[in-house]
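So you can see what is in the structure, the chains are spelled out below.
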Amino acid sequence: MLCPASVLLLGLAPLPLDDTLFVDLDATLIPGQNGSSPRVLAADGARVFFEAGQSPYSNLYVTDGTAAGTVQLTSQTIAITDGVLLPGGDFVFGVGFPAAELWRSDGTPAGTGALSTGLLSAPEDLVAFGGQVWFRANTPGEGYELWRSDGTAVGTQVFQTFNPGLASGVQAVFAGDAHLYLHGGDSSQGTFGLWATDGVQPATFLHAWNSVSAFDSFKKTAAVAGRVVFDVVGSAADRGWWASDGTSGGTIQLESTAITAWTASAGGKLYFAGGPTGARLRVTDGTLAGTAQVNTQTSAGGQQVTFTPGVEVGGKLAYGGVFPGAGTELCTTDGATVDLLADVVPGSAPSSPDGLTLSGGKLFFVTGADPSGQQLWSSAPDGSGAAQVSSLATGEFGEGFGDLPRLWPTATGVVFVYADFLKGEEVFTSDGLSTDVLLNIGADEIEAVSSDPRFLTRLGGHVYFAARDAVAGDELWRTDGTTEGTELVVEVNPGAGGSTPNSMVAIGDRIVFSAYRPDTGFELWSTAGDQASTELLVDIAPGPTSSYPAYFVRSGDRLYFIARSNDVQQLWYTDGTTAGTAKAFDLYSTASPTFIAPRLARLGDRLLVLADLGQGLGIEPCSTDGTLAGTQVLADISSGALSTPVPELVVAGSQAFFSVSSITVGQALYRTDGTPAGTLALTDSVVGPFQPDLLTAVGDELAFRAQGTGIFDEAWLTDGTAAGTGLLVDPASGQEAGVPQQFQVSGGVLFFTASTPSIATAELWTYEPTSGQVTQAFASTVWGSGPSLRQMWAPSDDGRVLFSFNAGDGTGIEPWTSDGTPAGTQLVADIADGFGDSEPTVGARIGSTVLFSAGEPEHGIELHAVSTADVGGWAVTEVGEGCAGISASPRLGGAGAPVLGSSFDLVVDGGEPASLALLFFGTAFAGPAPLGTCGVLVSGPTYLATVATDATGSGALPLAIPADPALIEATVWFQSLAVGIGGPFLGLGATSNALEVVVGP
């Protein structure tokens, strides 16, 4: 029985889940990058409706321009598409999350809510016409069609269907004074283009274009004299400004031009700006005869103006335009003559006024006249008394007002969106005398610089990873699971530039990795954990050219990898030392017109690679013993000299699977036992399932994603035979998962995530190979949550997984854990408080500490940690390597789960037959031994017990774990000595690997 006292000394205290930050390697802060990302949705001159929050979800607000008059209208976060104000002042808008609905607000929280349900996607292109709201929307079984709403649930319904079925009949909606217009129809009937309706009778077809981008067109529309003027983005023949009176004959092109900038009305006239290379001013009544250029005394082709609309002031249009002798300044026009309204920056230097808005008897605009950059100004309507109102500081990247400043009038002045240095992007307000933030919704006022830890790789008692700080740049770090034991290992490339280490793998007592230095490029390096032991193993592509070593695979005492030199992919191997690093042979030339990515895997005592053996077969899958002479082609899949790309290669027990993308067989799945005779196609372009990917080994079986007879991808399983290939479905109910997103094995159980077709809700499933049971462990009801369920990994082989997920409960994308049951699927921590996303990534475990990379505003992307108990797990991990004894190399493993109240076995394999094995335990890991040597891997080893080995050299020691909660997270190290007189360890035998055991609940 394991002594509880010895275990208690080794446990790490549970980490609090309200603070998972492990270490902040780069504490540099950048102000002004956090904010609520507000977006103004509608304004009527007295009120402004806007959304703000953490994209893509937000809350709806309304403001009269004062802090007291700013009200949050929604209590839950939603995703708003767009909206429109009705004549009575109600705001109607489309929502895509948490459900696709049409909403209405009277400007109060109580009067804000959903009008319609049952939509498939959020309503779009909302416009007001005839006292009603018109928009395009779709429902299950129908594409986007024309809808309308009178502001009630019963009065929200389809007005007209243009293309029955799943295809959409409406791509855009806009309105004039007398007609509602839409772009859409049914191309098979020759009626795809512009339509119009009076809101009572069905729409009639007006005009067909050659090629129009509906997404980019119809954004700058305005009504004049019973007509509507609108912009079209499309082919050379179609693009430019158009007008329509609601009839086919009255639908005309006013001007063909590549740029359509803006429209504005003043004095009963309509002005628009555009041109082939910039914005030139025009005036129109909606007819060709009534369309003319607006010029100054010296301009031709129309006055050059800024890219934001003008505003009506005293029956004339005020705007920013180029005026002779004054540069780009405040101008005014009646459509016939142009006058200088104000020369804000006297002389020819421009002030470039933008975003003109009239409010409260003042003209507001934005200019770059101040050396600090764009600022808010105001003047009298006649341009007199122009003065700067704001002294705002832009954020780190100079966003400020953005490229196209917009100001919205309120009863007290204007409101606008601004990216401030300290507050981030928020809503600001001004009365023309002063300017201040209206509501600092995103309260975080700094953005942290991230060290971005990645490639977490364990070696013995440390986890190595790449990270960057302001001093060393991107370099190699390591941690022993404590903050004080986290340190920079080496600066391969001294200075702030960094070496960008990647492709890390452990062998013996060393970490082998790829890193960059200006004189060598990306090449192969090795370290034992400090500066002195770090060395360049080989400069494969001599000089500054990079060989990009990657695809590392362990086979025996060698680590094989693939690198490139002189346009040739080469197979290399290393034992972590310069003397033990050498080229095996050339694989194939990269000068081929078709790029073929390398592949490398170990199947038994042989390697699987892609190679061109010069036999006229091109690049094909091969089996090798590590020498050119011992390499053979497994199959000539693409026939003759054609090469076969292999997107994925996975070993599953005694067989391997690989997908191919070949001209001959299409996208297919192959199985091999490492011999030509044992290599066969399971699927091809004729025999499905089709387009296999996400290949994942589950024991001797393979799980993968592929398309069957339907239109969506499905989860499949194969045992390597055609008869044994089928869908992963619940055998009891026949229920099938949605579109698979990823697969992960833990404790022999396959976990896989899926996204439900159409509504994209998240699902988590398991497959238990022993029983064949397929079970849905978790299913979200939140629309669109499927894509957020990702980055799944297993910190321990304990039948549990960690993954990132946004449950739609206000916590954003955060770490979750699951044991394959609904009750055992739960949030681990809300790292980025509230709706922020921490987006945790795959990490590593050391002892009872689970490390991973995640982000939050205060510290950026840094290392975070939770305990094994926090995720409900335990761990049994073989660490380091043993040495060869007289008969074999002893190995120490575990059987069972080391949890409270259970029996856990220490299992010795590879000992001497009919002999003894001594078992020891200790308080910590002593350190990895050099490859091939016998080492004491447990610090301060204490004798535990002796077990007898059988005729195969195996033996076991049962350990009873008390049901004492104090033992949770306790970490114990074990090692065995397989007795064999004359063996390499002190003549007594051979040592095994170390075994790390972490007790679970």
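Residues numbered from 1 in each chain as written. Predicted model: local features only at pLDDT ≥ 70, side-chain atom pairs only at ≥ 80, totals over all residues. Heavy atoms only, no water.

As annotated in an unreviewed UniProt entry, the chain is ELWxxDGT repeat protein from Engelhardtia mirabilis.

K.L.:
Before we go on, may I ask you to explain the sheet that holds strand S17 (residues 193–197) in this structure?
P.N.:
The pairing of strands in a sheet happens through backbone hydrogen bonds and is either parallel or antiparallel. Here four strands make up an open sheet; going across it, the order is S15-S16-S17-S18 and the pairing antiparallel. Both edges of this open sheet fall to strand S15 (170–175) and strand S18 (204–207), since each of them pairs with a single strand only. The mean inter-strand angle of the sheet, taken between neighbouring strand axes irrespective of direction, is 30°. As paired elements, S17 and S18 share three bridges and run antiparallel to each other. The residue of S18 that forms the bridge with Trp195 is Phe205. (Pairing = 2+ DSSP bridges. Helix = DSSP H or I, 4+ residues; strand = E, 2+ residues; numbered from the N terminus. Axes fitted to C-alpha atoms, helices over the stretch in contact; angles between N-to-C directions.)

K.L.:
Would you explain the environment of Pro647 in this entry?
P.N.:
Tracing the sequence through the fold places Pro647 in the loop between strand S55 (631–633) and strand S56 (648–652). Sequence-distant contacts of Pro647, defined by excluding residues within four places in its chain, comprise Arg599, Ser659, Val660 and Ser661. (Contact = heavy atoms within 4.5 Å.)

K.L.:
I would appreciate a short explanation of the pattern of salt bridges in the present structure.
P.N.:
Side chains bearing opposite charge may pair, as long as their charged atoms lie close to each other. Taken as a whole, this structure holds 22 salt bridges when the rule is applied. Linking Arg136 and Asp125 is a salt bridge whose minimum nitrogen-to-oxygen distance equals 3.1 Å. Taken as a pair, Arg136 in strand S12 (residues 132–137) and Asp125 in strand S11 (residues 124–129) lie far apart in primary sequence, 11 residues in all. The partner of Arg705 in a salt bridge is Asp713, and the shortest N-O contact between them spans 4.0 Å. (Salt bridge = Lys/Arg side-chain N within 4 Å of Asp/Glu carboxyl O.)

K.L.:
Explain the sheet that holds strand S20 (residues 227–232) to me, please; I cannot follow it from the model alone.
P.N.:
Sheet architecture is open: four strands sit in the order S19-S20-S21-S22, paired in antiparallel fashion. Edge positions in the sheet fall to strand S19 (222–224) and strand S22 (252–255), since each of these pairs with one other strand and no more. Across the sheet, the mean angle from the axis of one strand to that of its neighbour is 35°, orientation sign disregarded. Taken together, the three bridges between strand S21 (residues 240–244) and S22 define a ladder with antiparallel strand orientation. Opposite Ala243, over in S22, you have Ile252 as the bridge partner.

K.L.:
Could you clarify how one ought to interpret the pairing of strand S23 (residues 259–266) in this entry?
P.N.:
Residues in a regular strand project their side chains so that they alternate between the two faces of the sheet. Summarising burial for S23: six of the eight residues are buried, a large majority. Here S23 folds back onto strand S24 (residues 269–275) in antiparallel fashion, the turn holding two residues, of which Gly267 has a positive phi close to 60°. (Buried < 20%, exposed > 50% of the residue type's maximum accessible area, 1.4 Å probe, protein only.)

K.L.:
How should the state of the cysteines be read in this particular structure?
P.N.:
One way to say it: the disulfide is the covalent bond shared by the sulfur atoms of two cysteines. The final tally for this structure, using the stated rule, is one disulfide. Cys883 shares a disulfide with Cys934; S-S distance 1.8 Å. Here the S-S torsion is close to 90°, and the disulfide linking Cys883 with Cys934 is therefore right-handed. Pair noted here: Cys883 is in the loop between strand S75 (875–879) and strand S76 (891–895) and Cys934 is in the loop between strand S79 (924–925) and strand S80 (938–939), with a separation of 51 residues, a long-range link. On the basis of relative accessibility, which here comes to 2%, the residue Cys883 falls in the buried class. On the basis of relative accessibility, which here comes to 25%, the residue Cys934 falls in the partly exposed class. (Disulfide = S-S within 2.5 Å.)

K.L.:
In this structure, what is going on with the nonpolar core? I would like to understand it.
P.N.:
Among soluble globular proteins, nonpolar side chains are generally buried collectively. Counting residues in each nonpolar core, the largest one holds 31 residues, and the members touching the most others are Leu571, Leu587, Leu600, Ile637, Phe658, Val660 and Tyr670. Of all the elements in the fold, those that place two or more residues in this core are strand S49 (558–565), strand S50 (568–574), strand S51 (582–589), strand S52 (600–603), strand S53 (606–611), strand S57 (655–662) and strand S58 (666–672). Counting residues per element, this core draws most heavily on S53, at five residues. In this structure Val660 touches Ile637, Thr644, Pro645, Val646, Pro647, Val665, Gly666, Gln667, Ala668 and Tyr670, once residues within four positions along its chain are discounted. In this structure, Leu906, Val947, Ala970 and Val999 belong to the second largest nonpolar core, which totals 19 residues. (Core = buried A, V, L, I, M, F, W, Y, C linked by side-chain atoms within 4.5 Å.)

K.L.:
What's the story with the packing of aromatic side chains in this structure? I'm lost.
P.N.:
Here a ring pair, both rings aromatic, is described through the centre-centre distance and the interplanar angle of the planes. Applying the stated rule across the entire model yields 35 aromatic pairs. Ring geometry for Phe49 versus Phe91: centroids 4.8 Å apart, planes at 20°, classification stacked. With Phe49 in strand S4 (residues 48–52) and Phe91 in strand S8 (residues 91–97), the pair connects residues that are 42 residues apart, well separated along the chain. We note that Phe49, like Phe91, is buried. Measuring from ring centre to ring centre gives 4.8 Å for Phe401 and Tyr418, while their planes differ by 75°; the resulting arrangement is edge-to-face. Taken together, the positions of Phe401 in the loop between strand S34 (387–388) and strand S35 (408–409) and Tyr418 in strand S36 (residues 414–420) put the pair 17 residues apart, joining distant regions of the chain. Each member of the pair, Phe401 as well as Tyr418, is classed as buried. Over the ring of Tyr144 we find Arg136; its NZ or CZ atom is 4.5 Å from the centre of that ring. A cation over a ring is seen here: Arg558 above Tyr573, with NZ or CZ 3.8 Å from the ring centre. (Phe/Tyr/Trp six-rings, centres within 6.5 Å; stacked < 30°, edge-to-face > 60°. Lys NZ or Arg CZ within 6 Å of the ring centre and 35° of its normal.)

K.L.:
So what exactly am I meant to see when it comes to the side chain of Arg845 here?
P.N.:
With respect to the helices, strands and loops of the structure, Arg845 is situated in strand S72 (residues 844–846). For Arg845, a relative accessible area of 5% corresponds to the buried category. Looking at Arg845, its side chain comes within polar contact range of the side chain of Ser796, at 2.9 Å. Excluding residues that lie within four positions of it along the chain, Arg845 makes contacts with Arg458, Val463, Pro795, Ser796, Val850, Thr868, Ala875, Thr877, Glu996 and Val998. (Polar contact = N/O pair within 3.5 Å; in protein donor to acceptor, adjacent residues only side chain to side chain.)

K.L.:
Please clarify how the pairing of S57 should be interpreted in this entry.
P.N.:
A large share of S57 lies buried, amounting to seven of its eight residues. Adjacent in sequence and paired antiparallel, S56 and S57 are bridged by two residues, among which Gly653 carries a positive phi angle near 65°. Here S57 pairs with S58 via seven bridges, running antiparallel. Looking across to S58, one finds that Ala656 is bridged to Thr672. Remark: three residues form the turn of the hairpin made by S57 and S58, two consecutive strands paired antiparallel.

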